[in-house]
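# Notes for the structure review
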Amino acid sequence: MDNLLRMATKNLDFHYGDFHALHDVSLEFYDQRVTALIGPSGCGKSTLLRCLNRMNDLIPIARAEGGVFLDGRNIYDPKVDVVTLRRRVGMVFQKPNPFPKTIFENVAYGLKVNGNKDKAFISDRVEQSLRQAALWEEVKDRTHDSALGLSGGQQQRLCIARALAVEPEVILMDEPASALDPIATQKIEELIHQLKKSYTIIIVTHNMQQAARVSDVTAFFYLGKLIEVDNTKTLFTKPKLRRTEDYITGRFG
Amino acid sequence: MIQRFMFGLFRLSAVINGAALVIIVYFLGVRGWRAINWTFLSQPPTDAMTKGGILPCIVGTISLSLGALLVALPVGVASAIYLNEYARPGKALRLIRLGINNLAGVPSVVFGLFGLAFFVVLLKMGVSVLAGALTLGVLTLPVIIGSAEEALRAVPDTYREASLGLGATKWQTIRRVVLPAALPGIFTGAILGLSRAAGETAPIMFTAAVFYTPSLPSSVFDEIMALPYHIYVLATAGTDIEATRPLQYGTALVLIVLVMALNLVAIVYRARLQRRG
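Given the structure is predicted, the values throughout are model-derived calculations rather than measurements.

## A short note on the overall build of chain A
For chain A, the count of helices and strands is 10 helices and 10 strands. Here the C-alpha atoms of chain A give a radius of gyration of 18 Å, agreeing with the 18 Å that 2.2 N^0.38 yields for 253 residues. Counting every position in chain A, which comprises 253 residues, the buried fraction comes to 44%. The long-range fraction of contacts in chain A, counting pairs at least 24 apart against all pairs at least 6 apart in sequence, stands at 68%.

## Notes on the overall build of chain B
Across its full length, chain B carries 11 helices and 2 strands. When the elements of chain B are put in sequence order from the N terminus, they spell out α-α-β-β-α-α-α-α-α-α-α-α-α. Along the three orthogonal principal directions, the C-alpha set of chain B runs to about 70 × 65 × 35 Å. Out of the 277 residues belonging to chain B, those deemed buried represent 42%.

## Some points on the interface of chain A and chain B
Contact residues are listed per partner, giving 20 residues for chain A and 14 residues for chain B. Among the secondary structure elements, those contributing two or more residues to the side of chain A that touches chain B are helix H2 (82-88), strand E6 (89-92), helix H3 (103-113) and helix H6 (152-165) of chain A. The biggest single contributor to the side of chain A that touches chain B is H2(A), with 4 residues. Looking at the side of chain A that touches chain B, its residues break down into 10 nonpolar, 6 polar and 4 charged.

## What to know about the pairing of strand E10 (residues 225-231) of chain A
Alignment of strand E9 (residues 217-222) of chain A against E10(A), held across 6 bridges, turns out to be antiparallel. The partner of Thr218(A) across the bridge, within E10(A), is Asp230(A).

## Focus on the sheet that holds strand E3 (residues 34-38) of chain A
Residue and element names in this part refer to chain A. In spatial order, the strands read E6-E7-E8-E3-E9-E10; together these 6 strands make up an open sheet with mixed pairing. Looking at which strands have only one partner, the edges of the open sheet turn out to be E6 and E10. For this sheet the average axis-to-axis angle between neighbouring strands, irrespective of direction, equals 20°. The pairing of E3 with E9 spans 4 bridges and is classified as parallel. Residue pairing in the sheet places threonine 35 in a bridge with valine 217 of E9.

## Section: helix H3 (residues 55-86) of chain B
Helix length check: H3(B), at 32 residues, gives a terminal C-alpha distance of 45 Å against a target of 46 Å (1.5 Å per residue), a fit within 8%. Ala72(B) marks where H3(B) bends most, by close to 30°; the proline Pro74(B) follows one to four residues later.

## Considering the sheet that holds strand E4 (residues 62-70) of chain A
Residues and elements named next belong to chain A. What the 4 strands build is an open sheet, ordered E2-E1-E4-E5; its pairing is antiparallel. Looking along the sheet, the strands with just one partner apiece sit at the ends: strand E2 (19-30) and strand E5 (73-74). Taken together, the 8 bridges between strand E1 (residues 5-16) and E4 define a ladder with antiparallel strand orientation. Paired with phenylalanine 14 across the two strands is alanine 64, which belongs to E4.

## Examining the packing of helix H4 (residues 91-105) of chain B against helix H6 (residues 129-154) of chain B
Residues and elements named next belong to chain B. The interhelical angle for the contact between H4 and H6, taken along N-to-C directions, is 125°, at an axis separation of 8 Å. Classified by the interaxial angle, the pair formed by H4 and H6 is oblique. At the point where H4 passes H6, the crossing takes the left-handed sense. Residues Ile100, Leu103 and Ala104 of H4 touch H6, and the partners they reach there are Leu141, Pro142 and Ile145. Its residues assigned to classes, the contact of H4 with H6 comprises 6 nonpolar, no polar and no charged.

## Points about the environment of Asn3(A)
All names here are of chain A. Here asparagine 3 is to be found in the segment before E1. Asparagine 3 sits 29 residues away from glutamine 32 along the chain, and the two C-alpha atoms are 7.2 Å apart. Those residues in contact with asparagine 3, other than ones at most four positions away along the chain, are Tyr30, Asp31, Gln32 and Arg33.

Criteria and thresholds
- Residues numbered from 1 in each chain as written.
- Chains lettered and ligands numbered in written order.
- Predicted model: local features only at pLDDT ≥ 70, side-chain atom pairs only at ≥ 80, totals over all residues.
- Helix = DSSP H or I, 4+ residues; strand = E, 2+ residues; numbered from the N terminus.
- Rg over C-alpha atoms; globule rule 2.2 N^0.38 Å.
- Buried ≥ 20, exposed ≤ 12 C-beta atoms within 10 Å, placed from the backbone.
- Contact = placed C-beta atoms within 7 Å.
- Nonpolar A, V, L, I, M, F, W, Y, C, P; charged D, E, K, R; others polar.
- Pairing = 2+ DSSP bridges.
- Axes fitted to C-alpha atoms, helices over the stretch in contact; angles between N-to-C directions.
- Expected span 1.5 Å × (residues − 1).
- Bend = angle between axes of the 7 residues up to and from the residue.
- Parallel < 35°, antiparallel > 145°, perpendicular 65-115°, else oblique.
- Left-handed = near helix turned anticlockwise from the far one by under 90°.

So this is what it looks like as structure tokens:
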């Protein structure tokens, strides 16, 4: 079955000031697939992720060269509206960061800043998103309580619901479970399995077992270069390059 | 051994600090409490200010401080938002910060003179609540900017990131997430600014406060009496200084209780915030 090509980078070079963080990265991301980015600390995987929704724009000394394409259009084109881009490409961060507001207000936030005023619509979408994030049953009686009262795992699922509410096409996850306990991690991983049916998911993880469990395609990075990318099963059982094999067998990390 | 000596020294200086405040309040209290009664607080002065009360002073001080806040709060918070959220590092930013820091260091009496020349004379406001409030507002501005900036800085960047990641603009992020989160800190700063404005004498001497005015102000262009100025006036220029001595202490006591109460509100509120956060 041929999946739709949703996002791609082409010869992407990225600098933080003088530091050359990404070297000539060309990578494709397909619909209804989970792509994992793995590699040792500092290899550029988070940098790449943040290029995909232009969050790196927030850093003054950051500079991207080359192309990053969403549905064939270069997102770094000056005519592109970054605000719209970020609605289509959502992000879940490493440490859960719900706003100091109610659960409802958190999920509704994206809808409200996009100009939605229809209370019924917002209410429906909030419930829908919380269901999609497997959180509804746990919070349905207290959506007007503060989000900060939830556990870490619940907060992260709330952040996922919040990202889902604006109906993105791509979901970026930056080590989404690294701050969570094993049970919460498992819930997040199950959620990713569910979500991939409807979204393009790109996940950065430093946990190789997680990448093996959760992803369809894995891309291995080292020192800002894409070393190898393949079907997850193949990469982990029959890697083509020595360096890849060394990393996944733990010879360095 | 030396450590214990140093700790002892530090403890001593903290004690001296606390003791100084206690001594001042006690001194004023002992000499002034007799003057405090309902008449004192609710009636204007009579008999060449040797009897009666300080109602116009209380009204005047409250009007001036609130007026100062009305001026300083919007401008100060807006400046703080600009400095913390929008400004890019560079020469312009450094110049602005230099200006604010220097403003904070201007002596009160110079503010008074400025207020006189600019608001009272040049802008033809005359000696009035308006001129006084504007002068005090300028004086309070650095206080507000400082505490507002601190409050904004304390808002974690993760909130901003989350908001922008959902497709919000920078201004939406500030209005819906950052500012509400910073509000408690800004409020604390506002209270402290209020208490500072309430106690200043020099800026209002030439711009708003007068020796005596027979009625309460009916418009912002009226002159008023004020607590700190009243103390000065009774202690130096009254017709019978010795007779008004208890009234002086009474006025001072009222002023210091007012200021302390405001500061206490700010401190307690801030402590509760820190415990919750």
